Amino acid sequence: MADRDNLLSVKDLIIRFQLRQGALTAVNRVSFDLAKGERLGLVGESGAGKSVTGFGILNLISKPGRITHGSIRFEGRELTQMSEEEMRRIRGNRISMIFQDPMMTLNPVLTIGTQMVETLLAHKPISRREATEIALDRINRVSISSPQKRLEQYPHEFSGGMRQRIVIAIALLTSPALIIADEPTTALDVTIQADILELLLHLCDTEKTGLILITHDLAVVSQVTERIAVMYAGTIVETGATGQIIRNPQHPYTQGLLAALPQNVPAGGRLKQIPGVMPGPSRIPAGCPFNTRCALCEEVCRTVQPPLEPKQAGCLAACHLLN
Amino acid sequence: MPRKTLISIQNVVKHFDISGGWLDQLKFSGGRLVRRKTVVRAVNDVSLDIEQGETLSVVGESGCGKSTLARTVMRLYPPDSGQVLYRGQRIDNLSSSDMKTYRTRMQMVFQDPYASLNPRMSVRQILEEPIRFLRGTLRRDEIQEAVAAIMLQVGVDPDWRDRYPHEFSGGQRQRISIARALAVDPEFIVADEPIAALDVSIQAQILNLMMDLQQERGLTYMFISHDLSVVKHISSRVAVMYLGTVCELARAGTVFQSPRHPYTQALLSAIPRLGEQGFRHERLKGDVPTPIQLPSGCVFHGRCRYADGRCVKEIPRLRQVDEQTMTACHAVEEGRI
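Since the structure is predicted, the reported quantities are computational estimates derived from the model, not experimental observations. (Residues numbered from 1 in each chain as written. Chains lettered and ligands numbered in written order. Predicted model: local features only at pLDDT ≥ 70, side-chain atom pairs only at ≥ 80, totals over all residues.)

Participant: How would you explain the overall build of chain A if you had to name every residue and give the values?
Facilitator: A tally of helices and strands in chain A yields 12 helices and 12 strands. What you see for chain A is a C-alpha radius of gyration of 21 Å, in line with the 20 Å of a compact globule of 323 residues. Projected onto the principal axes, the alpha-carbon positions of chain A cover approximately 65 × 50 × 45 Å. Long-range contacts, defined as pairs at least 24 residues apart, comprise 64% of the intrachain contacts of chain A with a sequence gap of at least 6. (Helix = DSSP H or I, 4+ residues; strand = E, 2+ residues; numbered from the N terminus. Rg over C-alpha atoms; globule rule 2.2 N^0.38 Å. Contact = placed C-beta atoms within 7 Å.)

In structure tokens:
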């Protein structure tokens, strides 16, 4: 989207884990852009490298993992070259992260108020009183009643859905430019999931906050995001406008993934299945990573890795057979 | 066509005492020391019939008692009151040795294929054990043949029979769990969230396998799930549970097209919809109450926009509202919805 300013630009990102048995490539030449206020869905099965990509943006890859190649530009600055000190000023400040399990994210022995105020004081030169004001405002915004009382409560006093609201309130504290949400509703029930996603969508929309939503659920992505990047075995295999990819997927993997959903088959009918399983990072085949499961696989697919390039349908896809 | 009832669940109640030892139960109240028990009312007065050859799905959110109900049907928990009948015979009060004959007829598949297979047993041992224990008359070569046949049927290469569970992927492991359930040739299978731990492309493989097996063997399924689009796909009938009670029981097609109970309506409206932007779901007020202190009357009344005085006082019973649907709701019964 050329009409919007660029917020984040990831280019040729490679993340490797150096193990005794050899190096594993978890993320292999991933590139994508995010405009200011844009919502991107990063979809794929477990082990596809979606979360590692998310952690990579925040430079949170711990040993033996390492970003070995590529660049991550955020608000015009290169994140991969930053010192830990500089990075800390961006994490939880300009970029916030929301994780799957709110009970793991919140500190069980501190009140919600303490956790919120500490976060603000760590990033902003403001007084404790001002910080409390902001905390109250954010709790209000995530539709939690009697915020004053809530600040004095501990995480265990909230239900799962309320806790995730608190986590979102904390993510919003510093008015970040980008929120990375890693499976934010996977641990929640479906009625609460809908409430939380609606809230996240509404907040990102009104505050013009960019969002990277990492999930395995295509339906969730289709409701919340404007663009999708489908990941498979560490690479992006297809990316484009959400509606278009859901309606008219190009890459055989995306097609298979959508066809496997019960929503797309008459009740009781046989589901289309993709044979086999996604190869782990130590078993990614040469050529196209999907070639072991692809019904259309040809000779070139076994030798040359297809680049992610524009296709006729208007999306970008990494497939030799689409031209 | 009238079908035979295979399983009949009648007024089943299951509570769990979580108050711990008697020291933990002591509380100060009005200046006196009293002993008080804390009881989780997981399943309250549930009645359901499961017909032969059908897939009855039990849906609901976490903590609604669907897994407890499944385990009570399997007699993994004895019910506190009420009874479970298998082809008209009571099985909830049988001794474990009398229960053994029913164990060959009913089997269970669990959610997590990483936790439900013993990591120190090879696939051969996992599959031979139930056969040896429950079909003791078979000779050794017959057992081996049965194991190979069942592995073929679920799509695991019999040459891998000496491998251990960690050598298989999640989907393969779930196939092995299904094979273990099928090894004794049952007619009824309780599947408790069998695909919840699997990726989308693998879910389709397992669902297809379960539907194929049902056709080939005439199996009856009780399918526990929170994934409503999967339930819509494979069920003949659906029971919706909320806080330990069944609030709606209907043909799958009917319930997804015209849900009657207010909770079912809210639940179904919240299913993530592919290809739709934004949200149009019905928002429920508040949170699910704790099953330790159940609300009076209808358990849903605190969150229901149709609730009135009667709903607060009187527990609604599951009643036939039309040919396809039974609901437990005063408002539906009075024609207010």
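Participant: Could you give an account of the overall build of chain B, with specific residues and numbers?
Facilitator: When its secondary structure is counted, chain B shows 12 helices and 14 strands. Rg of the C-alpha trace for chain B: 22 Å, near the compact-globule value of 20 Å for 337 residues, within the 12% margin. Dimensions of chain B, computed from the C-alpha atoms along their principal axes, are close to 65 × 55 × 40 Å. Taken over 337 residues, chain B has a buried fraction of 44%. At a minimum sequence separation of 6, the contacts of chain B that also span at least 24 residues come to 66%. (Buried ≥ 20, exposed ≤ 12 C-beta atoms within 10 Å, placed from the backbone.)

Participant: Go over the interface of chain B and chain A, please, and point to the residues and values.
Facilitator: Counting from both sides, the interface comprises 36 residues of chain B and, opposite them, 38 residues of chain A. At the level of secondary structure, the elements contributing two or more residues to the side of chain B that touches chain A comprise helix H7 (200–217), helix H8 (228–234), helix H9 (252–257) and helix H10 (262–269) of chain B. The greatest single-element share of the side of chain B that touches chain A, amounting to 7 residues, is contributed by H7(B). Classifying every residue of the side of chain B that touches chain A gives 15 nonpolar, 14 polar and 7 charged. (Nonpolar A, V, L, I, M, F, W, Y, C, P; charged D, E, K, R; others polar.)

Participant: How would you sum up the nonpolar core? Please name residues and give values.
Facilitator: Core analysis: the largest hydrophobic core is formed by 183 residues, its most contacted members being Ala179(B), Val240(B) and Val246(B). Ranked by the residues each element gives to this core, the list is headed by helix H7 (residues 160–172) of chain A, at 8 residues. (Core = buried A, V, L, I, M, F, W, Y, C linked by C-beta atoms within 7 Å.)

Participant: Tell me what's going on with H7(A), and back it up with residues and numbers.
Facilitator: All names here are of chain A. The end-to-end C-alpha distance of H7 is 19 Å, a good match for the 18 Å that 13 residues give at a rise of 1.5 Å each. Within H7, 11 of the 13 residues are buried, which leaves the element mostly enclosed by the surrounding structure. Listed as buried for H7 are Met162, Arg163, Gln164, Arg165, Ile166, Val167, Ile168, Ala169, Ile170, Ala171 and Leu172. Those residues of H7 that are buried lie in contact with strand S6 (95–98), helix H3 (102–105), helix H4 (112–123), helix H5 (128–141), strand S7 (178–182) and helix H8 (190–207). (Expected span 1.5 Å × (residues − 1).)

Participant: Before we move on, could you go through the sheet that holds strand S4 (residues 39–51) of chain B and cite the residues and values that matter?
Facilitator: All names here are of chain B. Spatially, the 4 strands line up as an open sheet ordered S4-S1-S6-S7, and their pairing is antiparallel. Strand pairing shows two members of the sheet lacking a second neighbour, S4 and strand S7 (89–90), which therefore form its edges. When strand S1 (residues 5–17) meets S4, the two strands line up antiparallel, connected through 9 bridges. Its bridge partner lying in S4, Ile9 is registered against Leu48. (Pairing = 2+ DSSP bridges.)

Participant: Please provide a residue-by-residue account of the pairing of strand S12 (residues 245–251) of chain B, values included.
Facilitator: Consecutive residues of a regular strand have side chains that alternate between opposite faces of the sheet. All names here are of chain B. Burial of S12 is extensive: 6 of the 7 residues sit out of reach of the surface. Bridging between strand S11 (residues 237–242) and S12 involves 6 bridges; their strand directions are antiparallel. When the sheet's bridge partners are listed, Tyr242 is paired in S12 with Thr245. Here S11 hands over to S12 after 2 residues, with Leu243 in that stretch at a positive phi of 45 degrees. The sheet contact formed by S12 and strand S14 (residues 325–327) spans 3 bridges and is antiparallel. Paired with Ala250 across the bridge in S14 is Thr325.

Participant: Please set out the sheet that holds strand S3 (residues 39–43) of chain A residue by residue, giving values where relevant.
Facilitator: The strands making up a sheet are joined through hydrogen bonds of the backbone, oriented either antiparallel or parallel. Residues and elements named next belong to chain A. Pairing is mixed in the open sheet, where 8 strands are placed in the order S6-S7-S8-S3-S9-S10-S12-S11. Edge positions in the sheet fall to S6 and strand S11 (309–310), since each of these pairs with one other strand and no more. With 2 bridges joining them, strand S10 (residues 235–241) and strand S12 (residues 316–317) adopt antiparallel strand pairing. Opposite Thr239, over in S12, you have Leu316 as the bridge partner.

Participant: A description of helix H5 (residues 140–154) of chain B should follow, citing residues and the corresponding values.
Facilitator: Given 3.6 residues per turn, any residue in an α-helix points the same way as the ones three and four places further on. Residues and elements named next belong to chain B. In a regular helix each residue adds 1.5 Å, so 15 residues correspond to 21 Å; H5 covers 22 Å between its end C-alpha atoms and thus fits that length. If you check which residues of H5 are buried, you get Val147, Ile150, Met151 and Val154. Taken around the axis of H5, the buried residues stretch over an arc of 100 degrees, which confines them to a single face. Those residues of H5 that are exposed and aimed more than 90 degrees away from the buried face are Asp141, Glu142 and Leu152. On the buried face of H5, the contacting elements are helix H4 (123–134), helix H6 (170–182) and H7. (Arc of directions from axis to C-beta.)

Participant: Residues and numbers for the packing of H5(B) against H6(B), please.
Facilitator: All names here are of chain B. With their axes 9 Å apart at the nearest point, H5 and H6 run at an angle of 135 degrees to one another. Compared by their axis directions, H5 and H6 come out oblique. H6 is crossed by H5, and the crossing has right-handed handedness. Across from Ile150, Met151 and Val154 in H5, the residues of H6 making contact are Arg175, Ile178, Ala179 and Leu182. Among the residues forming the contact of H5 with H6, the class breakdown is 6 nonpolar, no polar and 1 charged. (Axes fitted to C-alpha atoms, helices over the stretch in contact; angles between N-to-C directions. Parallel < 35°, antiparallel > 145°, perpendicular 65-115°, else oblique. Left-handed = near helix turned anticlockwise from the far one by under 90°.)

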